[in-house]
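# Overview (structure and organization)
These are the residues of each chain, in order.
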Amino acid sequence: MRRLLPVLIAASLLAACDSGGGGGARPEPLPPPQITRAELVEHLAALQRIANRNGGTRAAGTPGYAASAGYVAARLREAGWHVTRQPLPFTLFRLRRASLRVGGRTLTREHDYQVPSYSGSGRAAGGLRAAGDGCSSADFAGIGGGDIPLVSSGGCLYRDKAQNAQRAGARALVVVQKVASRRGVPSGTLVVQGIRIPVVVASLRALAGIAEGVPASVMVRATTRPSRTQNVIAETRGGRGDQVVMAGGHLDSVAGGPGINDNGSAAATLIELAEAIGPDPPGARVRVAFWGAEELGLVGSRRYVSSLGAGERKRVRAYINLDMVGSPNPVPAVYADADAELERVLRDAVGTKVRGVRVGGASDHLPFRIAGIPVGGLYTGASELGPGRRPRDPCYHLSCDTIRNVNRAALLEMARAAARALRVLIVFDERDIEPGELEPVYAK
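Source: prediction; values computed, not measured.

According to the stated counting rule, one finds 10 salt bridges in the structure shown. In this structure, the salt-bridge partner of Glu78 is Arg75, at a minimum N-O distance of 3.2 Å. Linking Glu78 with Arg75, this pair stays in helix H3 (residues 63-78), spanning 3 residues, or about one helical turn. Residues participating in the shared-partner salt-bridge network are Glu235, Arg285, Arg287, Glu312 and Arg315.

Quick look at the structure:
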């Protein structure tokens with residue numbers, strides 16, 4: 001991976017640098033970011049209204065997503081940025097009906113279980129049989145046609161468990177997940193198509209006390225079809241075109257909720273970043289991106305990165321990912337398994353209390369990292385335990401992820417931190433700044 005901003009980052013973190021001998025006119029310094037809680041909440045409220053008018057969701061392929069994309073595009077144009085919409089083909093999953101009965105008891109979808117997107121359709125009945133974590137075909141040895149395998153979460157992706165169960169001849173699969181929140185089981189995805197058997201994810205709480213062999217029945221009715229959505233990309237009209245610094249986050253929600261923390265919080269932040277930076281910053285150009293269909297497997301960011309030629313990839317000097325930056329019980333964190341220099345910039349921007357979190361491939365930074373582009377990110381938490389040993393976001397991937405679910409103070413802190421970090425990253429040439437010019441960036 002190429003070294004990020006090799007000389008200036010270290011100097012920038014000192015909040016002052018000597019410009020050397022570069023002569024000529026210097027750009028006007030950027031004003032300090034003017035990001036307020038009221039403006040962030042204005043965007044959250046707009047996304048909530050969109051969800052309310054469209055069946056409570058802003059999922060990819062729905063009118064709620066289309067309206068969300070229209071909203072952010074309009075706000076970026078108002079800020080003077082150049083906006084494009086990248087068409088995004090994907091496969092739309094639509095759940096029609098589902099049921100899960102265990103031991104004569106009918107469980108409630110969302111509260112007790114969920115159907116991950118791209119589950120197969122069908123009906124199966126039989127006795128529940130433990131099959132380990134389902135990550136190996138050997139886990140399903142001995143599972144007969146009259147059994148429904150029951151596997152634990154963890155160890156591998158749900159799609160791997162489902163593929164192993166399907167290859168073993170199982171007619172359905174039940175995954176047991178320990179859910180921290182009592183509000184329900186989060187929505188999820190198998191990512192891939194081709195799973196023919198019904199798959200459900202049930203909470204450990206709902207299955208407590210269930211004995212081996214208890215009768216169970218699973219039914220899923222779902223459809224898939226080709227569809228289209230879009231990424232919204234905006235770029236400053238000014239700035240040096242040979243270098244680009246990017247920030248982004250997904251715009252879509254899960255099908256089962258409005259997604260105001262996940263990830264309306266990032267959408268609001270990105271709009272405010274654009275307004276704070278303005279259309280003609282000194283230094284590098286800035287590009288912000290609102291990704292489509294992240295909840296179905298990073299579809300939008302994968303498509304975008306794959307569309308970049310080798311030369312365009314080299315222009316992108318850094319990508320900052322924002323995903324869930326307003327959690328109600330927050331633990332402010334930066335990506336610890338990211339570019340080391342970007343991590344330092346983000347830590348300095350957030351402050352001394354920030355933690356590191358290893359996010360792996362769980363969000364839209366992954367395609368950039370695979371392409372060799374330096375990545376970093378900000379995060380406040382999902383279903384992990386936070387202060388008071390309560391979930392950081394008890395409404396993660398649930399219908400209660402509304403505007404009331406967002407910690408507005410945490411969101412303001414993270415939005416201002418993102419602005420500080422971008423101000424450092426875009427100034428990649430010593431001639432673009434005066435000594436002490438970056439000092440206001442770090443003012444709280």
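Now for the packing of helix H2 (residues 37-53) against helix H5 (residues 260-277). One way to put it is that H2 packs onto H5 with a least axis distance of 9 Å and a crossing angle of 130°. On the basis of the axis angle, H2 is oblique to H5. By crossing handedness, the relation of H2 to H5 is classed as right-handed. Contacts between H2 and H5 involve Glu39, Leu40, His43, Leu44, Leu47 and Gln48 from the former and Ile260, Gly264, Ser265, Ala267, Ala268, Thr269, Ile271 and Glu272 from the latter.

The next thing to look at is the pairing of strand S14 (residues 375-379). Most of S14 sits inside the fold, with 5 of its 5 residues counted as buried. By the alternation rule, side chains of S14 split into Val375, Gly377 and Tyr379 and Gly376 and Leu378, which are all buried. The sheet contact formed by strand S12 (residues 333-335) and S14 spans 2 bridges and is antiparallel. For Val334, the partnering residue across the bridge sits in S14 and is Leu378.

The next thing to look at is the nonpolar core. Ranked by size, the top nonpolar core spans 63 residues in total, and within it Ile35, Leu76, Trp81, Leu273, Phe290, Leu322 and Leu378 carry the most contacts. No other element matches helix H10 (residues 408-426), which puts 12 residues into this core. With residues up to four places along the chain from it excluded, the contact list for Ile35 reads Leu40, Glu272, Leu273, Ala276, Leu412, Ala415, Arg416 and Ala419. In this structure, Leu92, Leu107, Ala162 and Val185 belong to the second largest nonpolar core, which totals 45 residues.

Definitions and cut-offs
- Residues numbered from 1 in each chain as written.
- Predicted model: local features only at pLDDT ≥ 70, side-chain atom pairs only at ≥ 80, totals over all residues.
- Heavy atoms only, no water.
- Salt bridge = Lys/Arg side-chain N within 4 Å of Asp/Glu carboxyl O.
- Helix = DSSP H or I, 4+ residues; strand = E, 2+ residues; numbered from the N terminus.
- Axes fitted to C-alpha atoms, helices over the stretch in contact; angles between N-to-C directions.
- Parallel < 35°, antiparallel > 145°, perpendicular 65-115°, else oblique.
- Left-handed = near helix turned anticlockwise from the far one by under 90°.
- Contact = heavy atoms within 4.5 Å.
- Buried < 20%, exposed > 50% of the residue type's maximum accessible area, 1.4 Å probe, protein only.
- Pairing = 2+ DSSP bridges.
- Core = buried A, V, L, I, M, F, W, Y, C linked by side-chain atoms within 4.5 Å.

Everything listed here is a matter of coordinates, which is why it stays silent on function.
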